[in-house]
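A structural walkthrough
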Amino acid sequence: MPRALVTGITGQDGLYLGELLVAKGYDVYGVVRGQNNPKVRTVERLIPSVELLEGDLTDLPSLIGAIEIAQPDEIYNLGALSFVGLSWRQAELTADVTGMGVLRILEAIRIATQGDMSRIRFYQASSSEMFGKVRESPQTESTPFHPRSPYGAAKTFGHYITVNYRESYDAFACSGILFNHESPRRGHEFVTRKVTRGVARVALGLQETIALGNLESKRDWGFAGDYVHAMWQMLQQDEPEDYVVATGETHSISELLDIAFARIGVTDWTKHVEVDQRFVRPAEVDYLCGDATKAREKLDWTPKVSFTDLIEMMVDADLERERKLSENPEG
Ligand code: GDP
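Residues numbered from 1 in each chain as written. Predicted model: local features only at pLDDT ≥ 70, side-chain atom pairs only at ≥ 80, totals over all residues. Heavy atoms only, no water.

1. Here we look at the site of the ligand
What counts is decided by this rule: Nearness of a residue to a molecule or strand requires only that one of the residue's heavy atoms be within 4 Å of it. Two N or O atoms form a polar contact when they lie within 3.5 Å of each other; inside protein one atom must be a possible hydrogen donor and the other a possible acceptor, and for residues adjacent in sequence the pair counts only when both atoms belong to side chains. Using a 1.4 Å probe, accessible areas were evaluated by the Shrake-Rupley method; residue-level cover was limited to the displayed protein chains. Note: domain ranges come from an automatic or database domain assignment.
The full set close to the ligand counts 19 residues, and Lys-194, Ser-217, Arg-219, Arg-281 and Glu-284 are the nearest of them. Glu-129 places a side-chain nitrogen or oxygen 2.8 Å from an oxygen atom of the ligand. Within the side chain of Ser-217, a nitrogen or oxygen atom sits 2.6 Å from an oxygen atom of the ligand. Its free accessible area being 540 Å², the ligand has 97% of it covered by the protein chains. Residues lining the shell around the ligand come from more than one domain, with at least three contributed by each of domain 1 (3-181 + 222-245) and domain 2 (188-219 + 249-287 + 305-327).

Below is the structure:
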C-alpha cells in the first residue's frame, strides 16, 4: 500500500484529501498539533482509518519524527495559518507557520531521507493570494506575484522555497497554485461560508443581518472536493512541476449574495447585509481569475461543481446544520 503523510489534516482540504487517499488504498497519516485539539474528533469521525501523529510546523524535530514513523511515499503540506484577515493581526505567526513551515518540512524530508529527497514526493499548497495585485488576467503559472497580505507573502516564500529545493536537491516537489476553494466544511471566517451560514440563519429567523466588508472584490471559487484530485494527480506525474488549479470563472461577493439568498427565496438582500469596516482589509486583492489550462492538459483535471451548485450545496448544508442546532443546542 502507498503511504501518505498530510499536514493540515483537520482542515477543509485535509479532510477531503484524506478521504480521497483512503479510497485509493493509501495508508494515511495526519499531523495534528497542540494539546487536546478539538478538530481531531472531526478527523476520527469522518476518516477513522487515518493514523494521527503529533507534530507542528514550527517544530522541526516533530516533523522529522512524523516522517520516521509514517515512512511516507508522499507528503502533502496543507497546514497553514490560512485566513488572510487574521494574517495582519498575527503576521509573525503567519510567516512562521505558513512560510517557514514549508522550509522546515522540506528540511525534515532532506534529513529523514539522508539527502535522497526524491524518495518522498512533496506537494506544497500554494495559493492564488500570491498573485495579489494581479499583473495580468487570467493568472497562469508564469504570472508574476505581488502578494497583498502577510499570508500572501508567506505563501510566496513557501512556493519559492519548494521550487528551490526541487532545483537544489532534485526533490520531487510540486507547488499547486490553488484558487479559492470552498465547501460545507469551510471555516465560518471565509466569506462564502460566512454568507451561506448567515443566509441559513436568516431563513430560520435566527439573525436579521450579515455584516461584511468589501462587496466588490471578485474571486475564482471552486469546490474543494474537486481540487484535492489535482493535488494527488500532481504527485503521480513523471516530473515534478507547478500547476494553477482554478475554474476560470470569477464572481463578486454581490453575486455570491444573489445566489445564496435566492436559495431561500429572497431576491432583494440589501436589508439583510450591512457593511462593517472591521471586515475591510488594509490591502485588498480585488480580482482573481485562474487559467488552469496546464492542469487540464497535463493532469486531465477539470472542475466538476459549478459556482451556483457550490453555493447552493453550502446553503443547504447550513440550513440543515442550523436547524439541528436550534432544535438541540447541545449538538
Ligand atoms: P481570501 O481570498 O483567501 O481572502 O478568502 P476570503 O473568503 O477570506 O475573502 C474573499 C474576499 O471576500 C476578500 O476580497 C474579502 O475582502 C471579501 N470579503 C468581504 N467581506 C468579507 C467578510 O466579512 N469576511 C471575509 N472573510 N471576506 C470578506
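Back to the write-up after that little detour.
2. Section: the domain arrangement of the protein
So the rule is basically this: Buried area: the sum, over both parts, of the accessible surface (1.4 Å probe) that disappears when the two are put together. For salt bridges, the criterion is a side-chain nitrogen of Lys or Arg within 4 Å of an Asp or Glu carboxyl oxygen. Secondary structure is summarised from DSSP: a helix means a run of H or I of at least four residues, a strand means a run of E of at least two, and numbering begins at the N terminus for each. Residues were grouped as follows: Ala, Val, Leu, Ile, Met, Phe, Trp, Tyr, Cys and Pro as nonpolar; Asp, Glu, Lys and Arg as charged; and all remaining residues, including Gly, as polar.
Here the protein is partitioned into domain 1 (3-181 + 222-245) and domain 2 (188-219 + 249-287 + 305-327). The straight-line distance from the C-alpha centre of domain 1 to that of domain 2 is 28 Å. A combined buried area of about 1300 Å² lies between domain 1 and domain 2, and 62% of that area is made up of carbon and sulfur atoms. Counting the contacts that link domain 1 with domain 2 gives 1 salt bridge. Of the charged contacts, one joins Glu-129 and Arg-219 as a salt bridge, the two residues approaching to 3.8 Å between their closest N and O atoms. Taken together, the links from domain 1 to domain 2 amount to 2 residue pairs in polar contact (both at pLDDT 80 or more). Contributing elements (two or more residues each) for the side of domain 1 that touches domain 2: helix H4 (84-89) and strand S10 (222-223). In terms of residue count, H4 provides more of the side of domain 1 that touches domain 2 than any other element does, 3 residues in total. Residue composition of the side of domain 1 that touches domain 2, grouped by class: 5 nonpolar, 7 polar and 3 charged.

3. Looking at the sheet that holds strand S1 (residues 3-7)
Short version of the rule: A pair of strands is treated as paired once DSSP finds two or more bridges between them. Axis lines are fitted to C-alpha atoms, over the contacting stretch for helices. Their N-to-C directions set the angle, which ranges from 0 to 180 degrees. Any two residues having at least one pair of non-hydrogen atoms within 4.5 Å are treated as being in contact.
The strand order across the open sheet formed by 7 strands is S3-S2-S1-S4-S5-S6-S11, and the pairing between neighbours is parallel. The sheet is open, and its two edges are formed by strand S3 (51-54) and strand S11 (243-245), each paired on a single side. If you compare each strand with its neighbour and ignore which way they point, the axes differ by 25° on average. Bridge analysis of S1 against strand S2 (residues 27-32) gives 5 bridges, and the strand direction is parallel. Bridged to Arg-3 within S2 is Asp-27. In the packing of helix H3 (residues 60-70) onto the sheet, contacts are made with S1, S2, S3 and strand S4 (74-77), and the angle to S1 comes to roughly 155°. Together, S4, strand S5 (121-127), strand S6 (173-178) and S11 form the strand contacts of helix H8 (residues 224-234), whose direction differs from that of S6 by roughly 160°.

4. Considerations on helix H1 (residues 12-23)
The test is simple: Expected span, for any helix, means 1.5 Å times one less than how many residues it has. Burial classification: accessible surface area is computed with a 1.4 Å probe over protein chains only, and a residue below 20% of its type maximum counts as buried, one above 50% as exposed, and the rest as partly exposed.
Its 12 residues give H1 an end-to-end C-alpha distance of 17 Å, which sits within 8% of 16 Å, the value for a rise of 1.5 Å per residue. Burial of H1 is extensive: 9 of the 12 residues sit out of reach of the surface. Residues of H1 that are buried include every one of Gln-12, Asp-13, Gly-14, Leu-15, Tyr-16, Leu-17, Gly-18, Leu-20 and Leu-21, and no others. Just downstream of H1 lies Gly-25, where phi reads positive at about 90°.

5. Remarks on the packing of helix H7 (residues 191-203) against helix H9 (residues 253-262)
Put simply, the test is: The sense of a crossing depends on the near helix, which, turned anticlockwise from the far helix by less than a right angle, makes the crossing left-handed and, turned clockwise, makes it right-handed.
It is at 10 Å that the axes of H7 and H9 come closest, and there the two elements cross at 35°. Note on packing geometry: the crossing formed by H7 with H9 is right-handed. On the side of H7, the interface is formed by Val-191, Thr-192, Val-195, Val-199 and Val-202, while H9 contributes Ile-253, Leu-256, Leu-257, Ala-260 and Phe-261. Across the contact of H7 with H9, the residue classes break down as 9 nonpolar, 1 polar and no charged.

6. Points about unusual backbone geometry
The omega torsion across Ser-137 and Pro-138 is -10°, close enough to zero to call that bond cis. Looking at the secondary structure, you find Pro-138 in the loop between S5 and helix H6 (150-169). The phi dihedral of Gln-114 is positive, around 50°, even though this residue is not glycine. By the element assignment, Gln-114 lies in the loop between helix H5 (91-112) and S5. One non-glycine residue, Asp-170, lies in the positive phi region at around 65°.

7. Some details on the nonpolar core
It is characteristic of soluble globular proteins that their nonpolar side chains tend to be buried jointly. Selection rule: By convention a nonpolar core is built from buried Ala, Val, Leu, Ile, Met, Phe, Trp, Tyr and Cys residues, the set being connected through side-chain atoms within 4.5 Å.
Membership of the largest hydrophobic core comes to 61 residues, with the highest contact counts inside it found for Leu-17, Leu-21, Tyr-76, Tyr-123, Leu-257, Phe-261 and Ile-311. Of the domains in this structure, domain 1 (3-181 + 222-245) and domain 2 (188-219 + 249-287 + 305-327) are the two that each give at least three residues to this core. When sequence neighbours within four positions are dropped, the list of residues in contact with Leu-257 reads Val-195, Leu-212, Leu-215, Trp-269 and Val-273. Counting residues in each nonpolar core, the second largest holds 25 residues, with Val-31, Leu-103, Leu-106 and Ile-120 among its members.

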